[in-house]
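# Secondary and tertiary structure notes
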Amino acid sequence: MKRIEVMISQAIAIDFEENYLKECKKLGIKCKFTKIENVMGQGNSSPKLGNSIWPQLNSLYIIYCEDDVAEKISLVVSQINKSYPGEGAAVFACDGSIFV
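Model, not experiment: these values are computed from the prediction.

Next up on the list: helix α2 (residues 67–83). The end-to-end C-alpha distance of α2, which contains 17 residues, comes to 25 Å, matching closely the 24 Å that a straight helix rising 1.5 Å per residue would cover. Looking only at α2, the buried set comprises Val69, Ala70, Ile73, Val76, Val77 and Ile80. Buried residues of α2 fall within an arc of 115° about the axis and therefore sit on the same side. Exposed residues on α2 whose side chains face more than 90 degrees from its buried face are Glu71, Leu75 and Lys82.

This is the structure in structure tokens:
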């Protein structure tokens, strides 16, 4: 199991959701995620700070999934980066161990 975090510009977040949903349907699994809106920060693209100088914001998706789904999510984000160069999309993965 993996914990996937997708940090993406709000301008292209719907593209991620649509393509993630398509991949889930192909795999025959339920499309699960937590979405956090209005996330500020800077990565490899221009800052997204929600102010008058840098008005855009990001969205953050948190997904717990099996390894094969994590690979599909990575491919979806890679394709989005190709379609929207410089807009800002990144995916991070870590072991999704759950401690109770």
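After that view, the rundown keeps rolling.
Read from one edge of the open sheet, four strands run β2-β3-β1-β4, paired in antiparallel fashion. Edge positions in the sheet fall to β2 (34–39) and β4 (89–95), since each of these pairs with one other strand and no more. Ignoring strand direction, the axes of neighbouring strands in this sheet form an average angle of 15°. The pairing of strand β1 (residues 2–9) with strand β3 (residues 58–65) spans eight bridges and is antiparallel. By the bridge assignment for β3, valine 6 is matched with tyrosine 61. Across the sheet, helix α1 (residues 13–27) lies against β1, β2 and β3, angled at about 20° from β3, the strand it touches most.

What follows concerns α1. Taking 1.5 Å as the rise per residue, α1 with 15 residues should run 21 Å; its terminal C-alpha atoms sit 21 Å apart, in good agreement. For α1, the complete set of buried residues consists of Ala13, Asp15, Phe16, Glu17, Tyr20, Glu23 and Cys24. Among the structural elements, β1, β2, β3 and α2 are those in contact with the buried residues of α1. Residue glycine 28 follows α1 closely and has a positive phi angle near 70°.

The rules we used
- Residues numbered from 1 in each chain as written.
- Predicted model: local features only at pLDDT ≥ 70, side-chain atom pairs only at ≥ 80, totals over all residues.
- Heavy atoms only, no water.
- Helix = DSSP H or I, 4+ residues; strand = E, 2+ residues; numbered from the N terminus.
- Expected span 1.5 Å × (residues − 1).
- Buried < 20%, exposed > 50% of the residue type's maximum accessible area, 1.4 Å probe, protein only.
- Arc of directions from axis to C-beta.
- Pairing = 2+ DSSP bridges.
- Axes fitted to C-alpha atoms, helices over the stretch in contact; angles between N-to-C directions.
- Contact = heavy atoms within 4.5 Å.

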